[in-house]
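Examination of the molecular architecture
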Amino acid sequence: MAGLELTSVKKSFGGVAIIHGIDLSIRSGEFIVFVGPSGCGKSTLLRLIAGLETTLEGNIRIGERDVTTADPGDRGVAMVFQTYALYPHMSVRENMGFGLRMNGVDKDDIRKRVDRAADILHLDRLLERKPSELSGGQRQRVAIGRAIVREPEVFLFDEPLSNLDAELRVRMRLEIANLHKRLGATMIYVTHDQIEAMTLADRIVVLKDGLIEQVGSPIELYDDPDNAFVAGFIGSPRMNFLDAKVVAVEGDHTTVSLVDFDDIHVRLELERPLAVGSAARLGIRPEHFDASAEIALTVPIEVIENLGGIAYAYARTEDGNPLIIDIKGDRNVVEGKDFTARFDAARAYLFDPETGLRLR
Amino acid sequence: MTDRQKQRLLHRSIVTLAWIIGLLMFFPIFWMILTAFKTEQQAISTPPLLFFEPSFDNFLLIQERTDYTKHALNSIITSFGGTALAMIIAIPAACAMAFKPSHLTRDVLLWMLSTKMLPAVGVLMPIYLICQKFGLLDSRFALVFIYAMINLPIIMMILFNYFRDIPKEILEASRMDGASTFAEITQVVMPLARGGIAATAFLSIVLCWNEAFWSIVLTSSDAGTLVALVASFSSPEGLFWAKLSAVSTLACAPIMIFGWFVQKQLVQGMTFGAVK
């Protein structure tokens, strides 16, 4: 078990910069999740840590060792691939023991360690089978087992559940969470699925265009996003953004008017006052609309998605901006009719429309 | 006639046509084998004889007049040796090109293949002189080396295509597992492409076995292959069809029998990419 330290890590492919200089410190035993839209560089960053891509600039340290130029096999990391990447010609036992064999561990020791990992992952009865005789979930477990037997300092997971069906994904997610508790190892997990990120992570690293947008615990990112990108990316359905204009400033309080809703004013508490007349964007999460709140927005409802316990209404403002409202299962909301959604100013966030940065 | 009947008729006509073409193509081989068991008179009789009393005289005569065993051994050594040498070079090279491609990989492959477009006679002088200089005329070693070199481009091309079918992640997994490049090739790539490698090796052996130009030009009594033996029967005393047929049958037989035994592997190799 060891922590991990990335210092100004950069990577480009054929002159196109993919990772622009990443600094990140991961504590020993932490479960870190990299999330971001496709092409944000999350998988590349994982592969740089694995050693499958060469780091052009910067340093990668695992524990006390600088592994920037070390071979993948010498870094003390093990990786679970999205496609499982099992050796098709080897049995489950051989697959799991291959890494140990390559590292010159003696046969008895390999057998013991494979048996122990198989026991943890309930693979005992499948050890003599070939990967082609296993189901998707079993294959993924073998891939995880292959990582466990090596007793690595850091586990790397590259979207390990995205090839599984929904039900199995939930089960494997729990298994991975349990595994982390049981082994207490440092784990880095790449996903584009924010539910996986929210449920598994000690800390989430949100990436966009090869840069870190924000690092923090799932709840920190949800409650206190640094910018509009993180605010929109974390939370499902995504946060609503409404154009706003500063109309008055009194001490700590800034009042903005919503451009799409002429006469509606929202009074927010900000540490740094804004100039009157400047533009802003107001963010409000769908689940933060509440029938008993003070500020009311009336919008025509286009579509209602009723999931039983929860229901989302999809509306559009006069200027055509989308608005998603969690109507808390209210059966009285009807498609095609106007609906008044209410929220409290304390639940709203303000962002700079140019830079996307949070205005606090 | 219904559509179904029409379709059945079409299907049958195609099958019949295929059989006719197949039999036509096989006929010369069949006739060669038949002629091998005739006397010289029977071989040239008109009309041609289909039924006759077979005789083994031609085969006995060949063994008496020449050393069939030695030529067969030469063929085996040069074909298998040349193939082995080519595979030893081609497997790591094709691995490098399949798994670590650069923007020049395509061009390199094309360049390699382009050497096959050069007529062999174009390099006859330099190769002959080199062999002469190093005392390699009529030597099996020279033939092994030349066979390996002339088949290398094709072997590379085929192996490259087989290797490219191996998912990249499997190799990355082996690197994560700490496998050296050698272990990666021998423990992961080669077992995975076993069928493809076997099919490629077999093709190379057949190409070497049937190679005529260099074996006739560079060898005589010591390193002569079966092909050279056949050629030696066709010249000095005029054409003796029965004997020529017998020696040709003897030259083809080993490789055909070998092919029969490895056909299972071969079919597996040919469908390797399709079923992954």
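Residues numbered from 1 in each chain as written. Chains lettered and ligands numbered in written order. Predicted model: local features only at pLDDT ≥ 70, side-chain atom pairs only at ≥ 80, totals over all residues.

Tallying secondary structure elements over chain A gives eight helices and 19 strands in all. With the C-alpha coordinates aligned to their principal axes, the bounding extent of chain A is approximately 75 × 45 × 35 Å. Taken over 360 residues, chain A has a buried fraction of 41%. A separation of at least 24 residues holds for 65% of the contacts in chain A among residues at least 6 apart in sequence. (Helix = DSSP H or I, 4+ residues; strand = E, 2+ residues; numbered from the N terminus. Buried ≥ 20, exposed ≤ 12 C-beta atoms within 10 Å, placed from the backbone. Contact = placed C-beta atoms within 7 Å.)

This brings us to the overall build of chain B. Helix and strand counts for chain B come out as 14 helices and zero strands. Written out in order from the N terminus, the α and β elements of chain B read α-α-α-α-α-α-α-α-α-α-α-α-α-α. Relative to its length of 276 residues, chain B is extended, with a C-alpha radius of gyration of 23 Å against a globular reference of 19 Å. (Rg over C-alpha atoms; globule rule 2.2 N^0.38 Å.)

On to the interface of chain B and chain A, then. With 14 residues of chain B at the interface, the matching set in chain A holds 16 residues. Of all the elements in the fold, those that place two or more residues in the side of chain B that touches chain A are helix 8 (168–176) and helix 9 (181–192) of chain B. For the side of chain B that touches chain A, the leading source of residues is helix 8 of chain B, giving six residues. The residue inventory of the side of chain B that touches chain A, partitioned by class, reads nine nonpolar, one polar and four charged. (Nonpolar A, V, L, I, M, F, W, Y, C, P; charged D, E, K, R; others polar.)

In this section: the pairing of strand 12 (residues 253–258) of chain A. Residues and elements named next belong to chain A. Relative to strand 12, strand 11 (residues 240–250) runs antiparallel, the two being bridged by six bridges. Looking across to strand 12, one finds that Glu250 is bridged to His253. From the end of strand 11 to the start of strand 12, which pair antiparallel, there are two residues, and Gly251 there has a positive phi angle of about 60 degrees. The pairing of strand 12 with strand 13 (residues 265–269) spans five bridges and is antiparallel. (Pairing = 2+ DSSP bridges.)

Quick look at the domain arrangement of chain A now. Partitioning chain A into structural domains gives domain 1 (4–233) and domain 2 (240–351). Computed over C-alpha atoms, the centres of domain 1 of chain A and domain 2 of chain A are 39 Å apart. (Domains from an automatic or database assignment.)

This brings us to unusual backbone geometry. Look at the link from Ser236 of chain A to Pro237 of chain A: it is a cis peptide, with omega at -5 degrees. Here Pro237 of chain A is to be found in the loop between helix 8 (228–233) and strand 11. Omega for the bond connecting Thr46 of chain B with Pro47 of chain B falls within 30 degrees of zero, at -5 degrees, which places this linkage in the cis form. Locating Pro47 of chain B in the fold gives a position in the loop between helix 2 (40–44) and helix 3 (57–65).

With that settled, the discussion passes to the sheet that holds strand 5 (residues 65–66) of chain A. Strand pairing in a sheet takes place through backbone hydrogen bonds and is either antiparallel or parallel in direction. Residues and elements named next belong to chain A. Across the sheet, which stays open at both edges, the four strands sit in the order 2-1-4-5 with antiparallel pairing between neighbours. Both edges of this open sheet fall to strand 2 (16–26) and strand 5, since each of them pairs with a single strand only. As paired elements, strand 1 (residues 4–13) and strand 4 (residues 57–62) share five bridges and run antiparallel to each other. What sits directly across from Leu6, in strand 4, is Ile60.

Bringing the environment of Ala223 of chain B into the picture now. All names here are of chain B. Along the chain, Ala223 falls in the loop between helix 11 (213–218) and helix 12 (226–234). Residue Ala223 is classed as buried on the basis of its C-beta count, with 23 C-beta atoms lying within 10 Å. Considered as a pair, Ala223 and Ala142 are 81 residues apart in the sequence and their alpha carbons are 9.4 Å apart. Aside from chain neighbours lying at most four places away, what touches Ala223 is Asn74, Asp138, Ser139, Arg140 and Leu143.

Scored by pLDDT, chain B has a mean of 88; 95% of the residues are at 70 or more. Model confidence for the complex is summarised by a pTM of 0.82, with the ipTM given as 0.83. (pLDDT = per-residue confidence, 0-100.)

Moving on: the packing of helix 5 (residues 105–114) of chain B against helix 7 (residues 140–164) of chain B. Residues and elements named next belong to chain B. At a minimum axis separation of 8 Å, helix 5 and helix 7 run at an interaxial angle of 145 degrees. Considering only the axes of helix 5 and helix 7, their crossing is left-handed. Note on element contacts: helix 7 touches helix 5 through Pro153, Met156, Met157 and Phe160, opposite Leu109, Met112 and Leu113. Residue classes in the contact of helix 5 with helix 7 are distributed as seven nonpolar, no polar and no charged. (Axes fitted to C-alpha atoms, helices over the stretch in contact; angles between N-to-C directions. Left-handed = near helix turned anticlockwise from the far one by under 90°.)

Now for the pairing of strand 16 (residues 311–316) of chain A. All names here are of chain A. Note: strand 15 (residues 295–306) against strand 16, five bridges, orientation antiparallel. When the sheet's bridge partners are listed, Asn306 is paired in strand 16 with Ala311. Between strand 15 and strand 16, which follow one another and run antiparallel, lie four residues, and Gly308 among them has a positive phi close to 95 degrees. When strand 16 meets strand 17 (residues 322–326), the two strands line up antiparallel, connected through five bridges. The partner of Arg316 across the bridge, within strand 17, is Pro322. Linking two consecutive strands that pair antiparallel, namely strand 16 and strand 17, is a turn of five residues; a positive phi of about 90 degrees is found at Gly320 within it.

A few words on the sheet that holds strand 10 (residues 211–216) of chain A. Residues and elements named next belong to chain A. Within the open sheet, the six strands sit side by side as 6-7-8-3-9-10. Their pairing is mixed. If you trace the sheet from one side to the other, it starts and ends with strand 6 (77–80) and strand 10, each paired once. The average angle at which neighbouring strand axes cross in this sheet is 20 degrees, direction not considered. Judged from the four bridges that link them, strand 6 and strand 7 (residues 154–158) form a sheet pairing that is parallel. Considered in strand 7, the bridge of Val77 is made with Val154.

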